Amino acid sequence: MNKLIRPLLVSFAVLTALTGVAYPVIVTGIGQSVFLHQASGSLILRDGKPVGSALIGQNFSDPGHFWGRPSATGPMGNNAVASSGSNLGPLNPALVDAAKSRKEALLAADPGNPLPVPVELVSASASGLDPHISPAAAQYQVQRVARARKLNPETVQTLVANSIQRPVLGLLGEPVVNVLQLNMALDALR
């Protein structure tokens with residue numbers, strides 16, 4: 001029996017040291033030295049203080065800010081602790097009703113907008129935390145934001161154009177706009 005237990009315990013100790021101690025220390029060290037911004041949560045700072053993460057959406061509801069995707073994370077939108085989708089299927093009437101009410105709210109906030117309402121402004125993301133919208137969704141909101149802030153729409157349009165993040169290597173992903181970063185740039189115009 002000792003012939004079996006000793007090699008098992010030695011193997012357990014060696015593997016624990018390698019996978020439970022050495023590997024995490026090495027990966028954390030590489031992350032903190034080479035990818036500090038990402039390893040620290042991709043925090044966005046204003047005046048040296050964190051205001052959010054580039055990876056987690058935030059609720060903006062006033063007309064003078066760009067609005068992100070709706071969140072399905074329970075009573076508090078964009079709650080990273082409760083990351084989840086709504087789990088409503090495409091035939092569920094609650095999903096249709098939610099999309100209709102979101103569309104009505106968008107149309108009420110900007111009644112003269114002739115552009116079609118982009119789908120991501122009426123449908124929640126799968127995680128409920130999506131920090132990005134498409135350039136079309138940002139473009140849809142330009143007139144409302146410019147009017148609420150008493151800015152020239154061309155100024156806001158230029159800000160949106162400068163905030164578009166292009167696909168990696170020109171082909172991995174879609175162009176997106178980070179809502180928090182766009183709103184911070186908008187606030188900096190004051």
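Residues numbered from 1 in each chain as written. Predicted model: local features only at pLDDT ≥ 70, side-chain atom pairs only at ≥ 80, totals over all residues. Heavy atoms only, no water.

Caption draft 1: Structural context of the overall build of the protein. The helix and strand inventory of the protein stands at 6 helices and 5 strands. In sequence order, the protein lays out its α and β elements as α-α-β-β-α-β-α-α-β-β-α. Against the globule reference of 16 Å for 190 residues, the protein gives a C-alpha radius of gyration of 23 Å, more extended than a compact globule. With respect to the three principal axes, the spread of C-alpha positions in the protein is 80 × 45 × 35 Å. The burial tally for the protein puts 31% of its 190 residues in the buried class. (Helix = DSSP H or I, 4+ residues; strand = E, 2+ residues; numbered from the N terminus. Rg over C-alpha atoms; globule rule 2.2 N^0.38 Å. Buried < 20%, exposed > 50% of the residue type's maximum accessible area, 1.4 Å probe, protein only.)

Caption draft 2: Just the side chain of Gln141, in detail. Mapped onto the fold, Gln141 is located in helix α4 (residues 135–149). A polar atom in the side chain of Gln141 sits 2.6 Å from the backbone nitrogen of Trp67. In this structure, Gln141 is in contact with His65, Phe66, Trp67, Leu121 and Ile133, ignoring residues within four places of it in sequence. (Polar contact = N/O pair within 3.5 Å; in protein donor to acceptor, adjacent residues only side chain to side chain. Contact = heavy atoms within 4.5 Å.)

Caption draft 3: Representation of the pairing of strand β1 (residues 43–46). Sheet analysis places β1 next to strand β2 (residues 49–53), joined by 4 bridges and oriented antiparallel. Bridge pairing in β2 places Ile44 opposite Gly52. In this antiparallel pair of consecutive strands, β1 and β2, the connection spans 2 residues, and Asp47 shows a positive phi of 55°. (Pairing = 2+ DSSP bridges.)

Caption draft 4: The arrangement of the nonpolar core in detail. Core analysis: the biggest nonpolar cluster contains 26 residues, and Phe66, Leu106 and Ile133 have the highest contact counts within it. Here this core takes 6 residues from α4, the largest share from any one element. The residues touching Phe66, leaving out its near neighbours within four places in the chain, are Phe60, Ala138, Gln141, Val142, Arg144, Val145, Val156, Val160, Val179, Leu182, Asn183 and Leu186. (Core = buried A, V, L, I, M, F, W, Y, C linked by side-chain atoms within 4.5 Å.)

Caption draft 5: View of the sheet that holds strand β3 (residues 132–133). Across the sheet, which stays open at both edges, the 3 strands sit in the order β3-β5-β4 with antiparallel pairing between neighbours. The strands lining the two open edges of the sheet, one partner per strand, are β3 and β4 (164–165). Direction of pairing for β4 relative to strand β5 (residues 176–178): antiparallel, over a ladder of 2 bridges. Residue Gln165 lies in a different strand from β5, and its bridge partner there is Val176. Strands in contact with helix α6 (residues 179–187) are β3, β4 and β5; relative to β5, the strand with the most contacts, it is inclined by about 60°. (Axes fitted to C-alpha atoms, helices over the stretch in contact; angles between N-to-C directions.)

Caption draft 6: Structural view of the packing of helix α5 (residues 153–163) against α6. Running from amino to carboxyl end, α5 crosses α6 at an angle of 140°, the nearest separation of the two axes being 10 Å. Taken as axis vectors, α5 and α6 run oblique relative to one another. When the axes of α5 and α6 are compared, the crossing they make is right-handed. Side by side, α5 and α6 meet where Leu159, Val160 and Ser163 of the first sit next to Leu182, Ala185 and Leu186 of the second. The residue inventory of the contact of α5 with α6, partitioned by class, reads 5 nonpolar, 1 polar and no charged. (Parallel < 35°, antiparallel > 145°, perpendicular 65-115°, else oblique. Left-handed = near helix turned anticlockwise from the far one by under 90°. Nonpolar A, V, L, I, M, F, W, Y, C, P; charged D, E, K, R; others polar.)

By themselves, these are just geometric observations and shouldn't be taken as functional.
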